[in-house]
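This is what each chain is made of:
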Amino acid sequence: MEDRLKKELGTATLKLAGNSEGGCISQGQSYHTDTGKVFVKINHKSQAKSMFDGEMASLDAIIKTGTIKVPKPVKVIELDSGGCVFVMEHLDMRGLNKYSKQLGERLADLHLHNKRQLEKVGKEQQTVGKGAGQSEATYVDKYGFYTVTCCGYIPQENEWQDDWVTFYTRQRLECQLNMLEKSNGDREARELWAALQLKIPQFFRDVQVFPALLHGDLWGGNVAETSEGPVIFDPSSFYGHSEHELGIAGMFGGFTSSFYSAYHEKIPKAPGFAQRNQLYQLFNYLNHWNHFGGGYRGSSISVMKDLLK
């Protein structure tokens, strides 16, 4: 693998830098190269290239907003031995501590960026005799993403939809439950879902949803800080409801009250937030059930029952 990395990166130097790191899905290692340090993620699953291509597209999209720090992607490389590596900028990161408030502010800026682009376009269209110095703002008016992204190693269906409730119901919850049906055939989950899918539109009666670029997998293990500010990484991006981001964020801890206060100062909670938060947590419980097995069945079933009360 190291010879292949040298060739693909055009470097004579490729020296291990520090200890290897591992998550639930991929392994990681930092290297010294001729042009500085890089971080390399390694995955030997058959779907590794799709996973890393989606992550690279996600990082590129977040970088273009200029709102929050992420590692700069370099290259996705297929290995002759099978699997894939993803090379990105190495950042000297430590656990989130000093910059929790700033993370909340910048995450809100990320979620507001697309809406602000729309507002900018509207102002420019009202300007008579548009000057050459004005920006060419673009915005996304649908829900989905330009390519497949993976939450864990499971590919997400990101085909564009005009309606958020349709997108979330069919391309997030239903996809997860279809996978469970094939692997487990869980009768209780099937019956609860038959009732819940009819109720989902009720949770959105009093809220306006606008497509926001999401990180897509924002739990405590995917946030950190450098000496300059907060960092998010391992994204699984798509354009969706900003509240979706806070589903998994609240499930495993790692976020302080200052994070939430700063976030909601810019994006206040809309009516019905608590129930929708449960609805968004449901996707993550189902996704964990599909990844890690029946240990997450109880939480999935419990959330569906609560939502049906």
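Every value quoted in this text rests on a predicted model; they were computed, and no experiment measured them.

Across its full length, the protein chain holds nine helices and 12 strands. The C-alpha atoms of the protein chain give a radius of gyration of 20 Å, which matches the 19 Å a tight globule of 309 residues would have. Taking the principal axes of its C-alpha atoms as reference, the protein chain extends roughly 60 × 60 × 35 Å. Expressed as a percentage of the 309 residues in the protein chain, the buried residues total 48%. If you take every contact in the protein chain between residues at least 6 apart in sequence, the share linking residues at least 24 apart comes to 63%. Carbon and sulfur atoms make up 47% of the accessible area of the protein chain, which totals about 15000 Å². Placing the 35 positive and 36 negative side-chain charges of the protein chain at their respective mean positions leaves the two points 2 Å apart.

The subject of this paragraph is the layout of surface pockets. Space inside the second largest pocket adds up to approximately 360 Å³. Lys115, Gln208, His241, Ser242 and Ile267 are, among the 20 residues lining the second largest pocket, the residues nearest its centre. Of all the secondary-structure elements, those providing two or more residues to the lining of the second largest pocket are helix H3 (100-126) and helix H7 (257-266). The leading source of residues in the lining of the second largest pocket is H3, at three residues. When its residues are assigned to classes, the lining of the second largest pocket shows 12 nonpolar, five polar and three charged.

In this section: empty space enclosed by the protein. Considering all chains together, one arrives at one cavity of 30 Å³ or more under this definition. Here the largest cavity defines a volume of roughly 40 Å³. The wall of the largest cavity is formed by Ile154, Pro155, Gln156, Glu157, Gln171, Arg172, Cys175, Gln176, Met179 and Phe283. Put simply, the parts of the chain that give the lining of the largest cavity at least two residues each are strand S8 (154-156) and helix H4 (164-183). Considering each element in turn, the lining of the largest cavity owes the most residues, five residues, to H4. Its residues assigned to classes, the lining of the largest cavity comprises five nonpolar, three polar and two charged.

Looking at the element boundaries, Thr67 is found in the loop between helix H2 (48-65) and strand S5 (73-78). Judged by its relative accessible area of 15%, Thr67 is buried. Here the side chain of Thr67 touches Thr65 through a polar contact of 2.7 Å, side chain to side chain. When sequence neighbours within four positions are dropped, the list of residues in contact with Thr67 reads Arg106, Asp109, Leu110 and His113.

This part is about the domain arrangement of the protein chain. As far as domains go, the protein chain holds domain 1 (9-93) and domain 2 (95-124 + 138-308). Computed over C-alpha atoms only, the centres of domain 1 and domain 2 are separated by 24 Å. Tallying the contact residues gives 23 residues for domain 1 and 28 residues for domain 2. When the two sides are added together, the surface that domain 1 and domain 2 hide from each other amounts to roughly 2100 Å², 75% of it contributed by carbon and sulfur. Contact with domain 2 buries area across many residues of domain 1, yet Thr67, Ile68 and Met93 alone supply 27% of it, more than any other trio.

The next subject is the environment of Phe167. Mapped onto the elements, Phe167 comes out in helix H4. C-alpha separation for the pair Phe167 and Ile154, spaced 13 residues apart in sequence, amounts to 17 Å. Contacts of Phe167, omitting those with residues within four sequence positions, involve Tyr143, Gly144, Glu157, Asn158, Glu159, Gln161, Arg172 and Phe238.

Definitions and limits used
- Residues numbered from 1 in each chain as written.
- Predicted model: local features only at pLDDT ≥ 70, side-chain atom pairs only at ≥ 80, totals over all residues.
- Heavy atoms only, no water.
- Helix = DSSP H or I, 4+ residues; strand = E, 2+ residues; numbered from the N terminus.
- Rg over C-alpha atoms; globule rule 2.2 N^0.38 Å.
- Buried < 20%, exposed > 50% of the residue type's maximum accessible area, 1.4 Å probe, protein only.
- Contact = heavy atoms within 4.5 Å.
- Areas by Shrake-Rupley, 256 points an atom, 1.4 Å probe, with all protein chains shown as cover.
- Lys, Arg positive; Asp, Glu negative; His and termini not counted.
- Charge placed at Lys NZ, Arg CZ, Asp CG, Glu CD.
- 1 Å grid on protein atoms, 1.4 Å probe; cavity = no way out; pocket = protein on both sides within 12 Å on 5 of 7 lines; lining within 4 Å.
- Points joined across faces, edges and corners; volume = space filled by probe spheres on them.
- Nonpolar A, V, L, I, M, F, W, Y, C, P; charged D, E, K, R; others polar.
- Polar contact = N/O pair within 3.5 Å; in protein donor to acceptor, adjacent residues only side chain to side chain.
- Domains from an automatic or database assignment.
- Buried area = accessible area lost by both parts, 1.4 Å probe.

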